Amino acid sequence: MNNTTHTINASRLSERIHALAEIGKIEETGVNRLALSKKYKEGMDLVRKWMDEAGLKTRYDNFGNLIGRIEGKNENAPAVMLGSHIDSQPYGGRFDGTIGVLGGLEAVQTMMEQGIEPDVPVEVMSFCDEEGHRFGVGLFGSRGILGKLEQGELERTDAEGVTRRQALIEFGTDPGKLEESEYSPENLKAYVEMHIEQGPNLEAADVPVGIVSGIAGPRWLTVELTGLSGHAGTVPMAKRRDPLVGASYIMAAFNSLVQSEKDAPSVGTVGDLEVFPGGRSIIPERVTFTIDLRDSDLERRNTYEEALMNIIERTASEHGLEYTIHDDGGTTPKDASPEIMDIMKSESDEIGIEPPVLMSGAFHDASNMADACDMGMIFVRCKDGISHNPAEYSTDADIAVGTELLYRTMLRLVKE
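Note that the coordinates shown come from a computational prediction; the quantities given were computed from them, not determined experimentally.

Caption draft 1: Structural context of the overall build of the protein chain. Secondary structure summary: the protein chain contains 11 helices and 18 strands in total. Rg of the C-alpha trace for the protein chain: 23 Å, near the compact-globule value of 22 Å for 416 residues, within the 12% margin. Its C-alpha atoms put the protein chain at 80 × 45 × 45 Å along the principal axes. Buried residues in the protein chain amount to 53% of all 416 residues. Long-range contacts, defined as pairs at least 24 residues apart, comprise 78% of the intrachain contacts of the protein chain with a sequence gap of at least 6. Total accessible area computed for the protein chain in this model is approximately 18000 Å², and 46% of it derives from carbon and sulfur atoms. Across the protein chain, the 40 positively charged side chains and the 70 negatively charged ones have centroids separated by 3 Å.

Structure (structure tokens):
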């Protein structure tokens, strides 16, 4: 696809992406724009300025979300929402989330410039704190507007001891009036999000964009194994109750378990491991590690979780260990709307591309929005599948293709 077939303004979109990347810039290509920070507010204000200039009616809600809206012929009809986020990881990249917000704005601005009046209202949403790095829990803005916040979330603190409540007040919102910013599902027709893939599939297939079929549901657990500490040089191997040895067996078995069904998208990760007391010449007394289990098939995920529980119980018994499993929650897998996927496939044919259908292993605000309305996602190819890193990169050309597909999908959805 070349520039002559774009309806959207690809150069304007590129300029905005790179201008926003200057706010919170680290190194040559990285971004550090943590949620509700001063740099984040500066970035959100710039996006709001662009929305205002394009003719959208803008506001901040009490969750720290930025919303730009245009009315439709039927102002009371459920709205079509496009969006993502502009907050980043502390060592993040320029494209994660950002292309969905700015691509959404570009799609709406193009529609207005083309003189097209939608039948229903359209909103561009920049969700607050999708990443979750600063306060430890993400998808804040999208969970917030749907009334899904957990108890005590406003009292969570960052590394400097600042509570989310304080950060929201400093940002300019009123956390005492969160309910006023909630959406009723009947006011939402559809949500569509464009995002970099954060994986290698599109690059391997040599295609610029993909259509997302669904979002895997993560299951989070923390496992604690307790044995008996002792001197590394004097306790015979046969008499040891070493929780780190037990943990190594569990982790290896878990790794094999999630690969047991060929070609299934199941993934499992142990991302954090703590050994107590920790010393070269000390047999560990206690080991704690995290479990992240993801799958697009809830039944299969539940089967794997049950099998993991049996592995833990059996391993603990064999090694003379006590164990505790802490439930850290998770989300259920979410399916994209078949109707939106069909629209995307049809419009892809019109612009001469053949996007593959992919499952998202990472969670997105779209995961929450799927509970309230029809949801669709477009993935854009990113170099080497790298994300959450300054090396994260997507070409202007690929982003333009994704935004053109977003624009055309939106035009189909805004008709009653």
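Caption draft 2: Expanded view of the packing of helix α2 (residues 38–54) against helix α3 (residues 98–113). Relative to each other, α2 and α3 sit at 10 degrees, their axes nearing to 10 Å. Looking at the two axes, α2 sits roughly parallel to α3. Two secondary-structure elements touch here, α2 through V47, W50, M51 and A54 and α3 through V101, L102, L105, Q109 and M112. Its residues assigned to classes, the contact of α2 with α3 shows eight nonpolar, one polar and no charged.

Caption draft 3: Summary view of the nonpolar core. Within the largest apolar cluster, 87 residues are counted, with the highest numbers of intra-cluster contacts made by V47 and M410. Sequence-distant contacts of M410, that is, excluding residues within four places in its chain, are made with L82, A107, V108, M111 and V122. Among the nonpolar cores identified, the runner-up in size contains 18 residues, and F254, F289, Y304 and I312 belong to it.

Caption draft 4: Spotlight on the packing of helix α9 (residues 338–350) against helix α11 (residues 396–413). Here α9 crosses α11 at 125 degrees, and the two axes come no closer than 9 Å. In terms of orientation, α9 and α11 fall into the oblique class. In this structure, the crossing between α9 and α11 has a hand that is right-handed. Each of I340, I343, M344, S346, E347, S348 and E350 in α9 lies in contact with α11, whose residues at this interface are L405, R408, T409, R412 and L413. Considered class by class, the residues forming the contact of α9 with α11 number five nonpolar, three polar and four charged.

Caption draft 5: Quick peek at α2. Taking 1.5 Å as the rise per residue, α2 with 17 residues should run 24 Å; its terminal C-alpha atoms sit 24 Å apart, in good agreement. Those residues of α2 that are buried are in contact with α1 (10–20), β3 (57–60), β4 (66–70), α3, β6 (122–127) and α5 (164–171). G55, located one to two residues past α2, shows a positive phi value of around 100 degrees.

Caption draft 6: Geometry of α9. With 13 residues, α9 extends 19 Å between its outermost C-alpha atoms, agreeing within 8% with the 18 Å of an ideal straight helix rising 1.5 Å per residue. When α9 is considered as a whole, its buried residues turn out to be I340, M341, I343, M344, E347 and S348. Looking straight down α9, one finds its buried side chains confined to an arc of 155 degrees; they lie on one side. With respect to the buried face of α9, the exposed residues turned more than 90 degrees away are P338, E339, D349 and E350. Where α9 is buried, its residues contact β7 (188–196), β8 (209–215), β17 (357–360), β18 (374–380) and α11. A positive backbone phi angle near 80 degrees is found at G352, which sits one or two residues after α9.

Cut-off values and rules
- Residues numbered from 1 in each chain as written.
- Predicted model: local features only at pLDDT ≥ 70, side-chain atom pairs only at ≥ 80, totals over all residues.
- Heavy atoms only, no water.
- Helix = DSSP H or I, 4+ residues; strand = E, 2+ residues; numbered from the N terminus.
- Rg over C-alpha atoms; globule rule 2.2 N^0.38 Å.
- Buried < 20%, exposed > 50% of the residue type's maximum accessible area, 1.4 Å probe, protein only.
- Contact = heavy atoms within 4.5 Å.
- Areas by Shrake-Rupley, 256 points an atom, 1.4 Å probe, with all protein chains shown as cover.
- Lys, Arg positive; Asp, Glu negative; His and termini not counted.
- Charge placed at Lys NZ, Arg CZ, Asp CG, Glu CD.
- Axes fitted to C-alpha atoms, helices over the stretch in contact; angles between N-to-C directions.
- Parallel < 35°, antiparallel > 145°, perpendicular 65-115°, else oblique.
- Nonpolar A, V, L, I, M, F, W, Y, C, P; charged D, E, K, R; others polar.
- Core = buried A, V, L, I, M, F, W, Y, C linked by side-chain atoms within 4.5 Å.
- Left-handed = near helix turned anticlockwise from the far one by under 90°.
- Expected span 1.5 Å × (residues − 1).
- Arc of directions from axis to C-beta.

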